[in-house]
Structure formats: C-alpha cells, structure tokens
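Residues per chain, in single letters:
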Amino acid sequence: MQGDPYEILQLQRNASPEEIKKSYRRLAREFHPDANPDDPEAEKKFKEIAFAYEILSDPERKSRYDRFGDIGDTSSMGDPFGGIGDIFESFFGSGFTQSRRRSGPVQGQDLETSLHLAFDEAVFGCEKEVKIKTALACNSCEATGASPGSSRDTCTVCKGTGQVQQVRQSLLGQMMTSAACNACGGMGWVIPEPCQVCGGEGRNVENDSFLVQVTAGVDDGTTLRLTGRGAVGPWGGPAGDLYVQIRVENHQHFERVGYDLVRVLPVKMTQAILGIEMEIETLDGSESVVIPKGVASGHVIRIRGKGVPHLQGRGRGDLLFEVIVETPTNLTSEEEKFIRDFAGSRKEEVTPPDGGIIGKFRSAFS
Ligand SMILES: [Zn+2]
Ligand SMILES: [Zn+2]
C-alpha cells in the first residue's frame, strides 16, 4: 500500500489525534464495504483509509512516518474501531485475521526526486549527479541500532516471537487474533542501549549523491526507477527504490514531437520565391537545407535520421524544418513602387497608395 496517510485521511500535517480520529471515522463510514456493496473502488479506498489510520494512530509509527516517510509494516490491518479491520478481513479476506509478525529485515522506503536536464542532454544522453536526502546505514552501530559494545536482547514479552495472542470483542463477537507484540514492535528483540548517533534506528537521515547514466532519447516526464537507491531500511534492512522524474528544459529553437525534432524556419519573401540553400545550426552541428523555389509557409523539409535517438532499439527520428515566409514591412517608397509595378505586371489587385476607400474611411474615424 502506497500513499501519504495524511492525504488519504484528508488531514494537515499538524492534525491532532482527535482530528485524525474524526476524519478517519467519517471516511471509514463513507467508504465502508457495507455501504458500498460490490464497489471495488470503495473497497480499495476503505483499505487505504484503515491503513493510513493504523499508521497515524500509532504514535511510534506516526513519528517514524513524520521523520522518514516510512509506512513500516504493511502486513497487519488496524483495529481502530474495536474490530473493524478484522471484520473487514472476515468479509473480504480469509475469514480469520492472523496478523503476521514482522519477519526478517524491514525494507526502507522508496524515494522520489527530480532531475533537470538541458534539451540536448536528454536527446544525446548524459551522466548526471543526483542529490537526495535519504536514510543511510548508521556507521556508528553498523546498522544494529545498539550502542557500540552493547547488543540487542530477546523481547521478554513475546519471547522473541514478535507476536502476542489476544482475545478481542468486535461487532461480530469474540475473536482470537494474534497481533504484533507492542513491547518490541513485532521484531522479537529490544535494544537496551540504543546507539546515540541513530537513536536505535540503525540508520540516519543524510544527504547523498551519486552519478546516474541518462539514456539518449529520454523525454520530459519520464520516470527512472533506480532499484536499491532509496532509503535503507532500519536495522540493516534493504534499501527501497529511487524514482527519478526527468525534467527537460525547452530549447530556444527546437521542439520535440515524439522522436522528431521540429524547428520553425523563417524565410524571406524573396528567398521563398527564388529558393535558397541555407546553413542551419542543429543539435548535431550545422546542416545544409535547400529551400525550393516557390516554397509556401507551412512547407516541411524533412531530414531523416537527425532527430532524437530511439530509447529502445536503433536509429533516430527525423529533423523537420517548418517554413514560415516572412512578409517584408517598412518598405522604402522606392521598394514599394517596385512591388506595385510587380503586382501590376501580374494584374494582381492591391490597395492603392492613398489607402483606397477603406483606408479613407478608417482615417476619418481614427
Ligand atoms: Zn547507530
Ligand atoms: Zn516482543
């Protein structure tokens, strides 16, 4: 189960225990499976709500979440309303709740960060430094959580099993459940002398940085998953994953459309009429582009294989130049006369030099 328990319960970060309880009750009622029969969305939501409450109603887990964003053990459903978690399980699950103990090391949480790339770094790939705030194994206690020279003791309450048997009253009557041992948090051991550096967690929040190879052709919005680059778990538990969201800056001239690169190419009117061969800067250096005689705005010149490299497989997209013909303005009177003569020789009607009827009409009111 993923997600921010505060968000799931529609709460502010500083919500009081009373507010947490209130919000939980309201949402649990709204999404309760009894009230939403055959609605798998509501069922999912209800499970999320119950799980979020399980974290936020447990001071230890809440403080762990607040500090590390760690949702901890996900194996046991909560019992905040005197048995609703159990009832839920008995309707939708195996019929009898058996909370599993936390077995083995607890994995650290997944982390998320973003990585900003220049346009051509994304196109051609690059090596980039990622900086994150994460949890790293405590060097002082070698991730055991026990002060150097001391060690962990077996929990005397559960005798190292991490579980205690309970008889509970629920809406369905008496239920026998086995729950994680409160004394040891289900671990089966306790730390009599916690490490001073990490406070007994076996890990510390630190800034970390490392290099990432960014594959050529990666696009804005892509998420890279770096396995085992998330926070390490408490007491030497394995690290979660790091999700890196790629952000690509815009380019002054080029726009990416799929694997093609598109550049608007302004062309003078005379060049459009008579044609021209131009040198254009591309991401690969300068490229000779032939503008054919009589080209019109909107015409696209395609240069194959000079676009973005395909992420999978070989080859590259195309480089596209979209022609825009620029109409000259601010003509000298000599140039204007020349163009008028040109229009006359082609028998094309244009507004006369004095602006014509429309021009006079406009100037009378301006
Ligand atoms: Zn330590
Ligand atoms: Zn115990």
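Thresholds applied
Residues numbered from 1 in each chain as written. Chains lettered and ligands numbered in written order. Predicted model: local features only at pLDDT ≥ 70, side-chain atom pairs only at ≥ 80, totals over all residues. Heavy atoms only, no water. Donors = N, O, S within 2.8 Å, 3.2 Å for Na, K, Ca; no water. Tetrahedral: all angles 85-135°; square planar, octahedral: opposite > 155°, others 65-115°. Buried < 20%, exposed > 50% of the residue type's maximum accessible area, 1.4 Å probe, protein only. Salt bridge = Lys/Arg side-chain N within 4 Å of Asp/Glu carboxyl O. Helix = DSSP H or I, 4+ residues; strand = E, 2+ residues; numbered from the N terminus. Pairing = 2+ DSSP bridges. Axes fitted to C-alpha atoms, helices over the stretch in contact; angles between N-to-C directions. Phe/Tyr/Trp six-rings, centres within 6.5 Å; stacked < 30°, edge-to-face > 60°.

1. With respect to the coordination of the zinc ion (ligand 1)
For step 1, the next point in the chain: Every protein donor of the zinc ion (ligand 1) is accounted for by C138 (SG), C141 (SG), C195 (SG) and C198 (SG), and the metal-donor separations fall at 2.3 Å.
For step 2, the next point in the chain: One way to put it: the 4 donor atoms around the zinc ion (ligand 1) meet at angles of 103 to 116 degrees, and that makes the site tetrahedral.
For step 3, the next point in the chain: Overall, C198 belongs to the buried group, its relative accessible area being 5%.

2. A word on the pattern of salt bridges
For step 1, the next point in the chain: Across all of its chains, the model carries 14 salt bridges by this definition.
For step 2, the next point in the chain: E326 is the partner of K268 in a salt bridge, and the nearest nitrogen-oxygen pair spans 3.0 Å. Of this pair, K268 sits in strand β11 (residues 260-268) while E326 sits in strand β15 (residues 319-326); the two residues are 58 residues apart in sequence, bridging distant segments of the chain.
For step 3, the next point in the chain: The partner of E336 in a salt bridge is R340, with the nearest N and O atoms 3.0 Å apart. Note that E336 and R340 are positioned in helix α8 (residues 333-345) at a spacing of 4 residues, about one turn of the helix.

3. Description of the sheet that holds β11
For step 1, the next point in the chain: One open sheet accounts for 4 strands, arranged β10-β11-β15-β14; its pairing is mixed. Whereas interior strands pair on both sides, the edge strands pair on one side only; in this sheet they are β10 (254-257) and β14 (300-303). With strand direction ignored, the average angle separating the axes of adjacent strands in the sheet is 30 degrees.
For step 2, the next point in the chain: One ladder, built from 8 bridges, connects β11 with β15; its direction is parallel. Bridging from a neighbouring strand, V264 pairs with E322 of β15.

4. Let's talk about the coordination of the zinc ion (ligand 2)
A metal bound by six donors in octahedral fashion has ideal angles of 90 or 180 degrees, whereas one bound by four tetrahedral donors has an ideal angle of 109.5 degrees.
For step 1, the next point in the chain: Protein-derived coordination of the zinc ion (ligand 2) comes from C155 (SG), C158 (SG), C181 (SG) and C184 (SG), at a distance range of 2.2 to 2.4 Å.
For step 2, the next point in the chain: If you look at the zinc ion (ligand 2), its 4 donor atoms make angles of 102 to 117 degrees with each other, and the shape they trace is tetrahedral.
For step 3, the next point in the chain: Mapping the donors of the zinc ion (ligand 2) onto the primary sequence gives the spacing C-x2-C-x22-C-x2-C. Placement of the pair is C155 in the loop between β3 (153-154) and β4 (163-170) and C184 in the loop between β5 (173-180) and β6 (189-190), with a sequence separation of 29 residues.

5. Some details on the sheet that holds strand β9 (residues 242-248)
Two pairing modes exist for strands in a sheet, parallel and antiparallel, and in both the strands are linked by backbone hydrogen bonds.
For step 1, the next point in the chain: Here we have 3 strands laid out as an open sheet, ordered β1-β9-β8, and mixed in their pairing. The open sheet terminates on both sides in strands that have one partner only, identified here as β1 (111-117) and β8 (223-226). Recorded for the sheet is a direction-independent mean angle of 25 degrees between the axes of neighbouring strands.

6. Some remarks on the packing of aromatic side chains
For step 1, the next point in the chain: Throughout the structure, instances matching the rule amount to 2 aromatic pairs.
For step 2, the next point in the chain: For the pair Y24 and Y53, a centre-to-centre distance of 4.1 Å together with 15 degrees between the ring planes defines the contact as stacked. Taken as a pair, Y24 in helix α2 (residues 17-31) and Y53 in helix α3 (residues 40-56) lie far apart in primary sequence, 29 residues in all.
For step 3, the next point in the chain: Take Y24: its relative accessible area is 1%, and that puts it in the buried class.
For step 4, the next point in the chain: According to the relative accessible area criterion, Y53 is buried, its value standing at 7%.
For step 5, the next point in the chain: Their ring planes at 85 degrees and their centres at 5.2 Å tell us that W189 and W235 sit as a pair that is edge-to-face. On the criterion of sequence distance, the pair formed by W189 in strand β6 and W235 in the loop between β8 and β9 is long-range, its members being 46 residues apart.
For step 6, the next point in the chain: Given the relative accessible area of 18%, W189 is considered buried.
For step 7, the next point in the chain: Among the residues examined, W235 registers a relative accessible area of 18% and is labelled buried.

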